[in-house]
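Each chain is listed here by its residues.
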Amino acid sequence: MKKFLRLLGKFMGTVIDAVKQEANGCLPNGKKVQVVFVLGGPGSGKGTQCANIVEHFGFTHLSAGDLLRAEIKSGSQNGEMIQNMIKEGKIVPSEVTIKLLQQAMQENANDKFLIDGFPRNEENRAAFEKVTGIIPEFVLFFDCSEEEMERRILSRNQGREDDNIETIRKRFKVFVESSLPVIEYYESKEKVRKIDAGKPIGEVFEAVKAVFSSIDAKV
Ligand code: UDP
Ligand code: MG
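What you see is a predicted model; the values in this text were computed from it and never measured. (Residues numbered from 1 in each chain as written. Chains lettered and ligands numbered in written order. Predicted model: local features only at pLDDT ≥ 70, side-chain atom pairs only at ≥ 80, totals over all residues. Heavy atoms only, no water.)

Caption draft 1: Local environment of the site of ligand 1. Close to ligand 1 lie 21 residues, the nearest being Arg69, Lys90, Val92, Arg120 and Arg171. Measuring from an oxygen atom of ligand 1, one finds a side-chain N or O atom of Arg69 at 2.7 Å. The separation between an oxygen atom of ligand 1 and a polar main-chain atom of Lys90 is 2.6 Å. A total of 530 Å² of accessible area belongs to ligand 1 in isolation, and the protein chains cover 96% of it. Mapped onto the shell around ligand 1, the elements with two or more residues apiece are α3 (64-73) and α4 (79-87). Here the shell around ligand 1 takes four residues from α3, the largest share from any one element. (Near = heavy atom within 4 Å. Polar contact = N/O pair within 3.5 Å; in protein donor to acceptor, adjacent residues only side chain to side chain. Areas by Shrake-Rupley, 256 points an atom, 1.4 Å probe, with all protein chains shown as cover. Helix = DSSP H or I, 4+ residues; strand = E, 2+ residues; numbered from the N terminus.)

What follows is the structure in structure tokens.
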């Protein structure tokens, strides 16, 4: 009997997973969306390439970091906490980031979203999936050496409080320890499309285009 119940439980879990997978997730207002996660270390080119993808493939770009920075500027009561975490290169609690992402997807008329810089750890990933039911179509991973990422960040001058060498080192450490496991998780689900991101912008975009063109062909 116990064995039967265990098997039944496993079967139901699989059915629920399949339903979720097929629906690709719904927002609280019932809106159905298609999501691609864009991951890679700080300075790997996520933001730059997302702008290109938006132009060519009709996605809306949501940068989790930008949403958090906008939340600080808006004077929200979480603002100070978020600002401190960003300054230290730490990961903001999932519920804060997920709420901002969900809101942004609901407010936008588009149903195709690039979520850039999220999920950053396993907890982010599992919480997003649990709360939204959204399974990403695939995960675009910008693979780049720390040396190159450091060079780019130090020369980009966007006036960001976390673009100094001390915080950059912390962000690299968080990326390796917390974010790479997320990419490994999606690798085990065969969802990762890895891009060699150490090359010039145009060359990287050629590789990105190949990935997005192949999903266009599938639909
Ligand atoms: N951040 C976070 N959760 C997220 C996205 C960003 O806590 O889901 C914080 C984190 O402190 C990170 C900072 O925001 O170091 C900057 O993130 P962003 O994605 O803008 O930086 P990038 O990695 O693109 O340089
Ligand atoms: Mg960014």
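Moving on from the model shown.
Caption draft 2: Structural view of the environment of Ala126. Looking at where Ala126 falls in the secondary structure, it is placed in helix α6 (residues 122-132). Linking Ala126 and Ser94, residues 32 residues apart in sequence, is a C-alpha distance of 9.5 Å.

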